[in-house]
Every structure is written in C-alpha cells, then in structure tokens.
Amino acid sequence: MAEVVLEGVTKVYPGDVTAVDNIYLTVADREFMVLVGPSGCGKSTTLRMIAGLEDVTAGTIRIGDRVVNDVPPKDRDIAMVFQNYALYPHMTVYKNMAFGLMLRRQHAGWDNPLCWLLAPSRYRQARAERAEIDRRVRSAAAILGIQDLLDRRPRALSGGQRQRVAVGRAIVRNPKAFLFDEPLSNLDAKLRVEMRAELKALHRQVQTTTVYVTHDQEEAMTLGDRVVVMKDGIVQQCGTPFEVYRRPVNRFVAGFVGTPPMNFLNGRIVRENDRLLFDEGDNRLVLCDEHQRRLAPYVNQPVVMGVRPEAMRAAAGAPSGSTLRIAARVVEPLGDRKDVYGQTARHHRVVCRLEAEAPVCEGQPAELWVDMTRVHFFEPGEQGRNLSLA
C-alpha cells in the first residue's frame, strides 16, 4: 500500500489536444479517491497515466516513494479493473484469478514431481509458490462470495459475477493501489447499487489505496472518501462528498453534483431599506444574514442564485420574503416524495422535491418556500465562482 501523487501532470495528444491539464493530486495511503466528471473530462486518461497505459506529456507521477513515469505497467505494482471485465473466456474463474500470479512465479519450471529427484529444494519452493497462489485465490473468492464459481468459465456467469471475478483478480495481487475504470457501468441499476455497497465494504476490509473513475456523480458521492470533480482536463474541486455537495466552488460543480441537479436563477442583488434581496424578475427573496454580509459588494450586479430541489418545500406558513411562485407543469410521484417541474416567467425550469402529500398539482400555480440559508450565489457564466463562500 502506498500513496499516489500527481505533480503537474499533463497529457497532450497529437493535434495539440490537451486531455489533462496540469493536475496536482495526492491520494493518501489507503484512501478511496473517486474521479468524476462528464465524458471527455480527462478522468480515464488520468487513470491510464497512473497505470502506465498512457505516457505523461509533462509532470511527475509517484507511487509510494518511486517516480513511475518511465516504469512499465507490469512493474508499477498496481492492479486495474476495467469496464469490460477483460476476463479470459477459455479459462475458469480460478485460473482467471490466478493467472497474474502464475506469470510471476520464480520456480514454475520446477513444479513437476520428476524435479524432486533433480533438485528437491527447488521443487519444494515451486510447490510453496503454488500453495500460496491457491491460498490467495480462495481467500479473495471467500471475500467476494464466489467460492462456488471457481470451476465455471466467464460465459456461465452473470454480469455481477463477472465483475466480482475481475475484482478478485485484482485483490489476489495484493498491489500498492487499485485502479477502477468505470467498473459498474455495464450492470443494471439494481445490481449497480448492490455492487457499490460491496465495493465500499471490500475497501474497508482490504484497506488498499484506490483510485476509481466514474461518470455517475451518485456513485462518486457514495463511494469516495474524497471526490475529484473534473471538466476539460482540469480539476474543478477536490473534497469530501459533503464538502463538494454543500460547498461547491463554482457553478459547474454545483450543477454536476446532486440529483435532480441544482436550479439556477439569473437575477441581481438589490437593496431595499436596510436589507438585501435577490430579484429574480417576478420574485424577490430576502437574503439570510450570512449572505447579507458577503454579497454587500455585489449590490445592483447580476448574479446567479443556485438552489437545490430539496431546499424547497410547500410554502404554507412560510415567512414572507422567502417564497418563490411557479407554475407547476409536471409532477413525478416517487413514493414518499414527488418531484415538481415548474417555471417562472423568466426561468423555464425550476425543479423542487416535495413531500408526497404537498398540495401542488399539475397545471396550477404553486408557492414554494426557499431555505435561504442553503442557497448559493455565483458569478454569471457556466463556471462562475461561488460568491457565497468565505
């Protein structure tokens, strides 16, 4: 086990296409780090550079105390799990899991009963190697619950079972770091949730440094000790799932993390008597005390207010100055709650997540209370910085 450090790592493809741009990142020993972002953001390229499958254009990658820029993948002491599992179809589960270890045997040529007559010590070493491989394979199979599948071939396995075999093949190596490249994307939704929980429990058990790539922000939030949000080859924010969700540094991170995504309302900060309000056009919302102080320099300037769907509820009994009037267009029942899609005169998409019993109906106007302590204010633009943060 070891920490993984990226210092100024850049990857430029022919044609001056920058896939990864000057990344500085430290994955602590035994940490579960998740790289997340939209397609083409550079997360898989970053993982492949750590694995040695892509050359580094600039910068340094260290695994433990060793710089590995020029070290071949097989000598980096890492184990990678791919999206398509990459299992050998003609081998049993046991042989798939043992294959990497068998290649590394030092005394494989002496593993023959006739060698007992020629070199008894070498023969004993060869048998000890085989016994150690068998122990590791069966131990990993027990951890993953696939002991009964060791004699099957991949074609006789379900998608979830194949994924467990791919993970088991990585575990038996006992590497310094695990690298996962969207390993759950081929599974159905229910199995993906189950495997997510198993991977998290597995990490707690084996305690190996892990770098995990996904485009699914819900997967990133549930798995990672820390989450790295990327866009256009640049790290937008790195923090715990709670930090990334509650304190997004810019509008891109705020909109990418969360389901349904954050609502963004264009408007401006205005002063009315001794208080500041956000003027959306048809609605005016009073800022909380903390935002009053931080946004005082932005009076009469355009800003974007971000509010998550779960930070709104039906406005019955709500204090004045904190309600948003919308026209409800679609109501999606979700059991114990419902998502309401509405609009204002200036904004065509406002989503709120309400209790199932909330008196909001399709095709009717609705008034929503907005928790102004949970809103964010951003500079205009797709990646406008969060003005709400200290």
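The preceding data block contains the structure.
These numbers were taken from a predicted model, which means no experiment stands behind them.

Draft legend 1. Expanded view of the nonpolar core. Counting residues in hydrophobic clusters, the biggest one holds 46 residues, and the most contacted among them are Met97, Val137, Ile146, Val167, Leu199, Tyr212 and Val229. Here methionine 97 is in contact with Val137, Ala140, Ala141, Ile146, Leu150, Val165, Gly168, Arg169 and Val172, once residues within four sequence places are set aside. Within the second largest apolar cluster, 31 residues are counted, among which are Ile269, Leu295, Ala311 and Met372.

Draft legend 2. Up close: unusual backbone geometry. Between threonine 259 and proline 260 the backbone carries a cis peptide bond, its omega angle lying at -10°. With respect to the secondary-structure elements, proline 260 resides in the loop between helix H9 (251–256) and strand S11 (263–272). One non-glycine residue with positive phi stands out, namely glutamate 182, at about 45°. On the secondary structure map, glutamate 182 appears in the loop between strand S7 (177–181) and helix H6 (189–206). One non-glycine residue, aspartate 232, adopts positive backbone phi at about 55°. With respect to the secondary-structure elements, aspartate 232 resides in the loop between strand S9 (226–231) and strand S10 (234–239).

Draft legend 3. Highlighting the environment of valine 228. You can see valine 228 is positioned in strand S9. By relative accessible area, valine 228 is classed as buried at 0%. Considering only alpha carbons, one finds valine 228 and glycine 37, 191 residues apart in sequence, at a separation of 8.3 Å. Residue contacts for valine 228: discarding those within four places in its chain leaves Leu25, Met33, Val34, Leu35, Val36, Val235, Gln237 and Cys238.

Draft legend 4. A look at the environment of glutamine 163. Position of glutamine 163 relative to the elements: it lies in helix H5 (residues 159–171). Given a relative accessible area of 1%, glutamine 163 falls into the buried group. Among residues more than four places away in sequence, those in contact with glutamine 163 are Val81, Tyr85, Pro183, Leu184 and Met195.

Draft legend 5. Structural detail: the sheet that holds S7. The strand order S6-S7-S8-S3-S9-S10 describes an open sheet built from 6 strands, whose pairing is mixed. Two strands lie at the open edges of the sheet, namely strand S6 (78–81) and S10, each paired on one side alone. The average undirected angle you get between the axes of adjacent strands in this sheet is 15°. For strand S3 (residues 32–36) and S9, the ladder comprises 4 bridges, and the chain directions are parallel.

Draft legend 6. A look at H5. Taking 1.5 Å of rise per residue, 13 residues should cover 18 Å, and H5 covers 19 Å from first to last C-alpha, within 8% of that figure. Of the positions making up H5, those classed as buried are Gly160, Gln163, Arg164, Val165, Ala166, Val167, Gly168, Arg169, Ala170 and Ile171.

Draft legend 7. Geometry of H6. Taking 1.5 Å of rise per residue, 18 residues should cover 26 Å, and H6 covers 26 Å from first to last C-alpha, within 8% of that figure. Burial in H6 covers these residues: Leu191, Met195, Arg196, Leu199, Leu202 and His203. Each buried residue of H6 sits inside an arc of 145° when the element is viewed along its axis, so together they form one side. Opposite the packed face of H6, turned more than 90 degrees from it, sit the exposed residues Lys190, Arg204 and Gln205. Downstream of H6 by one or two residues, glutamine 207 has phi in the positive range, about 50°.

Reading guide: rules and limits
- Residues numbered from 1 in each chain as written.
- Predicted model: local features only at pLDDT ≥ 70, side-chain atom pairs only at ≥ 80, totals over all residues.
- Heavy atoms only, no water.
- Core = buried A, V, L, I, M, F, W, Y, C linked by side-chain atoms within 4.5 Å.
- Buried < 20%, exposed > 50% of the residue type's maximum accessible area, 1.4 Å probe, protein only.
- Contact = heavy atoms within 4.5 Å.
- Helix = DSSP H or I, 4+ residues; strand = E, 2+ residues; numbered from the N terminus.
- Pairing = 2+ DSSP bridges.
- Axes fitted to C-alpha atoms, helices over the stretch in contact; angles between N-to-C directions.
- Expected span 1.5 Å × (residues − 1).
- Arc of directions from axis to C-beta.

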